[in-house]
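Each chain is listed here by its residues.
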Amino acid sequence: MTAARVKSRPDLRRQRRQRAHGCWNHLIVAPLWPKHGVNLGTMLRTCDAVGACMAVPRLPWIPDALAHGNTLRKPQCVHWINGRVDRWLARQRSGGSAIVGVELTDESIRLADLPVARRRTVIVLGHESTGIPAEGLELLDVAVEIPMVGTGHSLNVAVAGSLVLYKLAGLC
Ligand SMILES: C[S@@+](CC[C@H](N)C(=O)[O-])C[C@H]1O[C@@H](n2cnc3c(N)ncnc32)[C@H](O)[C@@H]1O
């Protein structure tokens, strides 16, 4: 291989969309019990990269956190959830969406075994300290675990969500 050249910003700009994608309604990442705004901003950036939308509860601090965390500066696809998030999730499921939980459970499949999403899929992320609560776990079709060989218990939630989004989008 000849010496590689890092792509320039104009190169990258030519390869990318001019505007943020609209709502494709295919992959919806759902940090339903968020704690840190910075993780929402990071997830929003991955959503843009893979063509996903985000669903979040309309808690008072979240619109501001998303506005600050959206370093892309273009409006992104956000679905606001009013009321109980478990009821929202139940509605997604009864409406035919696949519900994939990103969580370390004793029934989780490994990330490598997760197939590309072929229908509308909601990807549920857990709370930064306490994970996905029982009422969320009950509604999952499948849970996926990202294998780890290090000393930490878990990954940062935005890193975990991003890896799963890439796999479901078929981009890795
Ligand atoms: C920091 S973890 C939750 C804390 C975790 N219960 C613990 O005891 O360390 C936050 C969220 O990130 C996701 N997560 C982190 N690491 C993961 C992994 N290896 N596999 C799947 N999900 C993971 C899950 O959605 C989890 O609920």
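Residues numbered from 1 in each chain as written. Predicted model: local features only at pLDDT ≥ 70, side-chain atom pairs only at ≥ 80, totals over all residues. Heavy atoms only, no water.

### Quick notes on the side chain of Ser97
Relative to the helices and strands, Ser97 is located in the loop between helix H4 (85-94) and strand E4 (98-102). If sequence neighbours within four positions are ignored, Ser97 has contacts with Gln92, Arg119, Arg120, Val122 and Asp141. (Helix = DSSP H or I, 4+ residues; strand = E, 2+ residues; numbered from the N terminus. Contact = heavy atoms within 4.5 Å.)

### Brief notes about the state of the cysteines
Considering all chains together, one arrives at 1 disulfide under this definition. Each disulfide pairs two cysteine sulfurs, and for Cys53 the partner residue is Cys77, the sulfurs being separated by 2.4 Å. Taking the torsion about the S-S bond as the criterion, the Cys53 to Cys77 disulfide, at about 90°, is right-handed. Note that Cys53 is positioned in strand E2 (residues 53-57) and Cys77 in the loop between helix H3 (62-69) and strand E3 (78-81), a separation of 24 residues in sequence. Free cysteine Cys172: the closest other cysteine sulfur is in Cys47, separated by 15 Å. (Disulfide = S-S within 2.5 Å.)

### Digging into the pattern of salt bridges
Enumeration over the complete set of coordinates arrives at 4 salt bridges. For the salt bridge of Arg93 with Asp141, the shortest nitrogen-to-oxygen distance reads 3.0 Å. Within this pair, whereas Arg93 is found in helix H4, its partner Asp141 is found in the loop between helix H5 (134-137) and strand E7 (142-145), the two being separated by 48 residues in sequence. Put simply, Arg5, Asp11 and Arg14 are held in one network by salt bridges that share partners. (Salt bridge = Lys/Arg side-chain N within 4 Å of Asp/Glu carboxyl O.)

### Examining the site of the ligand
The local shell around the ligand holds 19 residues, among which Val102, Glu103, Gly126, Ile146 and Leu155 are the closest. One nitrogen or oxygen atom from the main chain of Ile146 is found 2.9 Å from a nitrogen atom belonging to the ligand. One of the backbone nitrogen or oxygen atoms of Leu155 is found 2.8 Å away from a nitrogen atom of the ligand. Considering the ligand on its own, with 580 Å² of exposed area, one finds that the protein chains cover 85% of that surface. Spatially, the ligand is embedded in the second largest pocket. When residues of the shell around the ligand are traced back to their parent elements, those giving at least two are E7 and helix H6 (157-169). Looking at the shell around the ligand residue by residue, the classes come out as 10 nonpolar, 6 polar and 3 charged. (Near = heavy atom within 4 Å. Polar contact = N/O pair within 3.5 Å; in protein donor to acceptor, adjacent residues only side chain to side chain. Areas by Shrake-Rupley, 256 points an atom, 1.4 Å probe, with all protein chains shown as cover. 1 Å grid on protein atoms, 1.4 Å probe; cavity = no way out; pocket = protein on both sides within 12 Å on 5 of 7 lines; lining within 4 Å. Sits in = over half its atoms within 2 Å of the grid points. Nonpolar A, V, L, I, M, F, W, Y, C, P; charged D, E, K, R; others polar.)

### A look at the packing of helix H2 (residues 37-50) against H3
Relative to each other, H2 and H3 sit at 55°, their axes nearing to 8 Å. With respect to their mutual orientation, H2 and H3 come out oblique. In the crossing of H2 with H3, the sense of the turn from one axis to the other is right-handed. For the pair H2 and H3, contact is made by Gly37, Leu40, Gly41 and Leu44 and by Ile62, Ala65, Leu66 and Gly69, respectively. (Axes fitted to C-alpha atoms, helices over the stretch in contact; angles between N-to-C directions. Parallel < 35°, antiparallel > 145°, perpendicular 65-115°, else oblique. Left-handed = near helix turned anticlockwise from the far one by under 90°.)

### Some words on the pairing of E4
Within a regular strand, side chains alternate between the sheet's two faces. Counting buried residues along E4, 5 of its 5 residues qualify, which places the element largely inside the surrounding structure. A two-sided burial pattern is seen for E4, the buried positions comprising Ala98, Val100 and Val102 on one face and Ile99 and Gly101 on the other. The sheet contact formed by E4 and strand E6 (residues 121-125) spans 4 bridges and is parallel. Counted as the bridge partner of Val100 is Ile123 from E6. Across 3 bridges, the pairing between E4 and E7 is parallel. Among the inter-strand pairings, Val102 is bridged to a residue of E7, identified as Val144. (Buried < 20%, exposed > 50% of the residue type's maximum accessible area, 1.4 Å probe, protein only. Pairing = 2+ DSSP bridges.)

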